[in-house]
Amino acid sequence: MSTEILARHECFGGSVRFIRHHSESLGVPATFGIFLPEQALKGEKVPVIHLLSGLTGTQETFLIKANAIRFAADHGIALVAPDTSPRHTGIKGEDDVYDLGSGAGFYVDATVEPWAKHYRMESYVGEELPALTESLFHLDAERRGIVGHSMGGMGALIQALRFPHRWKTVSAFAPICFPSSIAWGQKAFDAYFGGDPAHWMKCDPTMLLRSGCRHPSTILIDQGTQDQYLADLRPDALEEGAREAKQSIEMRHHQGYDHSYWFVQTFIADHIRHHAKGLRA
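Worth saying up front: this structure is predicted, and the values here are computed from it rather than measured. (Residues numbered from 1 in each chain as written. Predicted model: local features only at pLDDT ≥ 70, side-chain atom pairs only at ≥ 80, totals over all residues. Heavy atoms only, no water.)

Novice: Describe the side chain of Arg-17, listing the residues and the values that go with them.
Specialist: Tracing the backbone through its elements, the reader meets Arg-17 in strand β2 (residues 14-22). Polar contacts involving the side chain of Arg-17 include one to the side chain of Ser-15, which spans 3.0 Å. Among all residues touching Arg-17, those that are not within four sequence positions of it are Ala-7, Arg-8, Phe-32, Gly-33, Ile-34, Leu-36, Leu-41 and Phe-137. (Helix = DSSP H or I, 4+ residues; strand = E, 2+ residues; numbered from the N terminus. Polar contact = N/O pair within 3.5 Å; in protein donor to acceptor, adjacent residues only side chain to side chain. Contact = heavy atoms within 4.5 Å.)

Novice: Residues and numbers for the sheet that holds strand β3 (residues 29-36), please.
Specialist: One open sheet holds the nine strands; their spatial order is β1-β2-β3-β5-β4-β6-β7-β8-β9, and the pairing between them is mixed. Unpaired on one side and paired on the other, β1 (3-11) and β9 (249-254) mark the two borders of the sheet. Averaged over all pairs of adjacent strands, the angle between their axes in this sheet comes to 20°, without regard to strand direction. Across the sheet, helix α5 (residues 151-162) lies against β4 (46-52), β6 (139-149), β7 (169-173) and β8 (219-224), angled at about 140° from β6, the strand it touches most. Sheet strands touched by helix α10 (residues 235-245): β8 and β9. Its angle to β9, the strand with the most contacts, is close to 155°. (Pairing = 2+ DSSP bridges. Axes fitted to C-alpha atoms, helices over the stretch in contact; angles between N-to-C directions.)

Novice: So what about the environment of Gly-103? Which residues, and what values?
Specialist: By the element assignment, Gly-103 lies in the loop between β5 (78-82) and α4 (121-136). Owing to a relative accessible area of 2%, Gly-103 belongs among the buried residues under this scheme. A sequence separation of 45 residues divides Gly-103 from Thr-58, and the C-alpha atoms of the two residues are 7.0 Å apart. (Buried < 20%, exposed > 50% of the residue type's maximum accessible area, 1.4 Å probe, protein only.)

Novice: Give a description of the environment of Glu-113 that names residues and reports values.
Specialist: Locating Glu-113 in the fold gives a position in the loop between β5 and α4. Through-space distance from the C-alpha of Glu-113 to that of Ile-91 is 9.5 Å; in sequence the pair is 22 residues apart.

Novice: So what's going on with the nonpolar core? Residues and values would help.
Specialist: If you look at the biggest cluster of nonpolar residues, it comprises 87 residues, and the most contacted ones within it are Leu-79, Phe-106, Leu-139 and Tyr-192. Here the element with the most residues in this core is helix α11 (residues 261-279); it accounts for eight residues. With near-sequence residues (within four places) excluded, Tyr-192 lies in contact with Leu-100, Gly-101, Ala-104, Gly-105, Phe-106, Val-108, Ala-110, Thr-111, Val-112, Trp-115 and Tyr-119. (Core = buried A, V, L, I, M, F, W, Y, C linked by side-chain atoms within 4.5 Å.)

Novice: Help me get a handle on the pattern of salt bridges, residues and values and all.
Specialist: In this structure the tally under the stated criterion is 14 salt bridges. The partner of Glu-4 in a salt bridge is Arg-20, and the shortest N-O contact between them spans 3.4 Å. A residue pair is termed long-range when its members are at least 10 positions apart, and Glu-4 in strand β1 and Arg-20 in strand β2 qualify at 16 residues. A residue is classified by how much of its surface remains accessible, and Arg-20, at 36% relative accessible area, is partly exposed. Where Asp-270 meets Arg-252, a salt bridge forms, and the shortest distance between an N and an O atom there is 2.9 Å. Placement of the pair is Asp-270 in helix α11 and Arg-252 in strand β9, with a sequence separation of 18 residues. If you follow the salt bridges from partner to partner, you end up with Asp-222, Arg-252, Asp-270 and Arg-273 in one network. (Salt bridge = Lys/Arg side-chain N within 4 Å of Asp/Glu carboxyl O.)

Novice: Go over helix α6 (residues 183-193) with me, naming the residues and quoting the values.
Specialist: Of all the residues in α6, the buried ones are Trp-184, Gly-185, Ala-188, Phe-189, Ala-191, Tyr-192 and Phe-193. Across the axial projection of α6, the buried residues extend over an arc of 165°, all falling on one side. Tucked into the core, α6 has its buried residues touching α7 (197-202) and α9 (230-233). Phi turns positive one or two residues past the end of α6, at Gly-194, with a value near 60°. (Arc of directions from axis to C-beta.)

Novice: I'd like a rundown of the packing of aromatic side chains, residues and numbers included.
Specialist: For the structure shown, the criterion picks out eleven aromatic pairs. A ring pair is formed by Phe-189 and Phe-193, whose centres lie 5.4 Å apart and whose planes are at 40°; its orientation type is tilted. Remark: Phe-193 and Phe-189 occur in helix α6; sequence separation between them is four residues, near one turn of the helix. Judged by relative accessible area, which is 3%, Phe-193 ranks as buried. Summarising the aromatic geometry, the rings of Phe-263 and Phe-267 are spaced 5.8 Å apart at their centres and angled 65° between planes, so their arrangement reads as edge-to-face. Remark: Phe-267 and Phe-263 occur in helix α11; sequence separation between them is four residues, near one turn of the helix. Here Phe-263 matches Phe-267 in class, with each residue buried. One aromatic cluster is present, built from ring pairs that chain together Phe-173, Tyr-257, Phe-263 and Phe-267. The ring centre of Trp-167 lies 5.5 Å from the NZ or CZ of Arg-144, which sits over that ring. Across the ring face of Phe-163, the terminal group of Arg-166 is positioned such that the distance to the ring centre comes to 3.7 Å. (Phe/Tyr/Trp six-rings, centres within 6.5 Å; stacked < 30°, edge-to-face > 60°. Lys NZ or Arg CZ within 6 Å of the ring centre and 35° of its normal.)

Novice: Tell me what's going on with the pairing of β5, and back it up with residues and numbers.
Specialist: Where burial is concerned, most of β5 is hidden: five out of the five residues are buried. Of the two faces of β5, the one lined by Ala-78, Val-80 and Pro-82 and the one lined by Leu-79 and Ala-81 are each fully buried. Where β3 and β5 come together, four bridges link them in antiparallel fashion. Bridging from a neighbouring strand, Ile-34 pairs with Val-80 of β5. Pairing between β4 and β5: three bridges, direction parallel. Within β5, the residue paired with His-50 across the bridge is Val-80.

Coordinates in, geometry out; function isn't part of it.
The following block contains the structure:
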């Protein structure tokens, strides 16, 4: 598969690269970011964590704002960061609002037009991107984790609960936990799934837990108590669903923290350690 390196930067003894390729899942060119630690550059297969950004994010957001690279370098772990949606698909209105279309793929595979042809972020994140990066770089497919923030936290939970064989570890910052119960989720699900509730169930972390989906590892989640979107994120519903499913979960509530990447930066070292421990077990 043809790829183009758009930028390359040396960082913490490793290398950060932003790469464009034609995506079969999305039907358009896609861009991702990757951090390769020193060990990978020397030919050693290393564990990898996939980073999913939230609404309006890009392939740069998590790598630049979260301060994750320095800790990943300490543990010899690679990082892979996709964009949050396809771009320039030609779908009318895809750039009109922040919470639908460009920058807002919700990491789902749309089932109705005009979205179904290109908006297939679940397949891209879960299948195509891991296969591509593991073919290009020294990444260990058996030691793969996933973490996300906000909409990306929802995406990480969906991937881990629906496809636990793909991801050995999982964590999230302020995830959208019960999207079928809030306006954000209902708007996106109506557009991407044509209002079919059967598809909502498959893309809602709380509903997945209630249906019996589980991940074999402990899920780490951090949530700020001053998060401006707290009423919409519904961590309470996720905790209840985890109890029903007997899912091991560590939900940490942090006084005074909001939804920003200042919050993510504060606790990212804990998340990298969480993944490092699980990926090296």
